[in-house]
Amino acid sequence: QVQLVESGGGLVQPGGSLRLSCAASGTIFRVDRMGWYRQIAGKQRELVASITAGGKEIYADSMEDRFTISRHNGKNTVWLQMDTLKPDDTAVYYCKAQITTKLFEESRDYWGQGTQVTVSS
């Protein structure tokens, strides 16, 4: 059984910062790509940023200048530092991780439960 537990969401004023955290736990052999997605009300879930185990980062357009993704492989944890937040960033943010639970098995994607980020004055 694998679980992804997110934390760090909340209410912040425009221009403020938040740091989201996501930790994977359970029966884990290897964690490959980890990432953050968000779902704005009424819209499809979209990629925010992802990072490989080797540290290669990918960002959605217009987010790289304000958001920074990082991870700690030993702790199976990924963070998303969000700066200069805007009301348009209001969404539920989800963590996703590509995890292999046993040697010789294929990896699969696991999702966290989501954490609400609200940017409002």
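In what follows, the accompanying structure is described.

Rules used throughout
- Residues numbered from 1 in each chain as written.
- Predicted model: local features only at pLDDT ≥ 70, side-chain atom pairs only at ≥ 80, totals over all residues.
- Heavy atoms only, no water.
- Helix = DSSP H or I, 4+ residues; strand = E, 2+ residues; numbered from the N terminus.
- Buried < 20%, exposed > 50% of the residue type's maximum accessible area, 1.4 Å probe, protein only.
- Contact = heavy atoms within 4.5 Å.
- Pairing = 2+ DSSP bridges.
- Axes fitted to C-alpha atoms, helices over the stretch in contact; angles between N-to-C directions.
- Phe/Tyr/Trp six-rings, centres within 6.5 Å; stacked < 30°, edge-to-face > 60°.
- Lys NZ or Arg CZ within 6 Å of the ring centre and 35° of its normal.
- Polar contact = N/O pair within 3.5 Å; in protein donor to acceptor, adjacent residues only side chain to side chain.

1. Considering unusual backbone geometry
- Even without being glycine, Thr 84 reaches a positive phi, approximately 50°.
- Its place among the elements puts Thr 84 in the loop between strand 8 (77–82) and strand 9 (91–100).
- Thr 84 sits in the partly exposed class, given a relative accessible area of 46%.
- If you check the backbone angles, Phe 104 has positive phi at about 75° while not being a glycine.
- You can see Phe 104 is positioned in the loop between strand 9 and strand 10 (108–111).
- Residue Phe 104 is classed as exposed on the basis of its relative accessible area, which comes to 79%.

2. Notes on the side chain of Thr 52
- Structurally, the position occupied by Thr 52 is in the loop between strand 5 (46–51) and strand 6 (57–59).
- Judged by relative accessible area, which is 19%, Thr 52 ranks as buried.
- The contact partners of Thr 52, leaving out residues within four places of it in the chain, are Asp 32, Arg 33 and Arg 71.

3. Some thoughts on the sheet that holds strand 1 (residues 2–7)
- Sheet architecture is open: four strands sit in the order 1-3-8-7, paired in antiparallel fashion. Only two strands of the sheet have a single partner each, and these edge strands are strand 1 and strand 7 (67–72). Pairwise comparison of adjacent strand axes, ignoring direction, gives a mean angle of 15° for this sheet.
- In this sheet, strand 8 lies alongside strand 3 (residues 18–26) in antiparallel orientation, the contact comprising six bridges. Counterpart to Arg 19 in the pairing with strand 8 is Gln 81.

4. Considerations on the packing of aromatic side chains
- One pass over the structure, following the stated rule, counts two aromatic pairs.
- Seen from their ring centres, Tyr 94 and Trp 111 are 6.4 Å apart, and the 85° between their planes marks the pair as edge-to-face. Taken together, the residues Tyr 94 in strand 9 and Trp 111 in strand 10 connect sequence positions 17 residues apart.
- Across from the ring centre of Tyr 94, 3.6 Å away, lies the NZ or CZ of Arg 45, which sits over that ring.

5. Section: the environment of Asp 89
- With respect to the element layout, Asp 89 can be found in the loop between strand 8 and strand 9.
- Between the C-alpha atom of Asp 89 and that of Thr 101, which follows or precedes it by twelve residues, the distance is 33 Å.
- Those residues in contact with Asp 89, other than ones at most four positions away along the chain, are Arg 38, Arg 66, Phe 67, Thr 84, Val 117 and Val 119.
- A distance of 2.7 Å separates a polar atom in the side chain of Asp 89 from a polar atom in the side chain of Arg 66.

6. A word on the pairing of strand 4 (residues 30–39)
- Of the strand pairs in this sheet, strand 4 and strand 9 are connected by eight bridges, and their pairing is antiparallel. Paired with Gln 39 across the two strands is Val 92, which belongs to strand 9.
- For strand 4 and strand 5, the ladder comprises five bridges, and the chain directions are antiparallel. What sits directly across from Tyr 37, in strand 5, is Leu 47.
- Between strand 4 and the antiparallel strand that follows it, strand 5, lie six residues; Gly 42 among them carries a positive phi value of about 85°.

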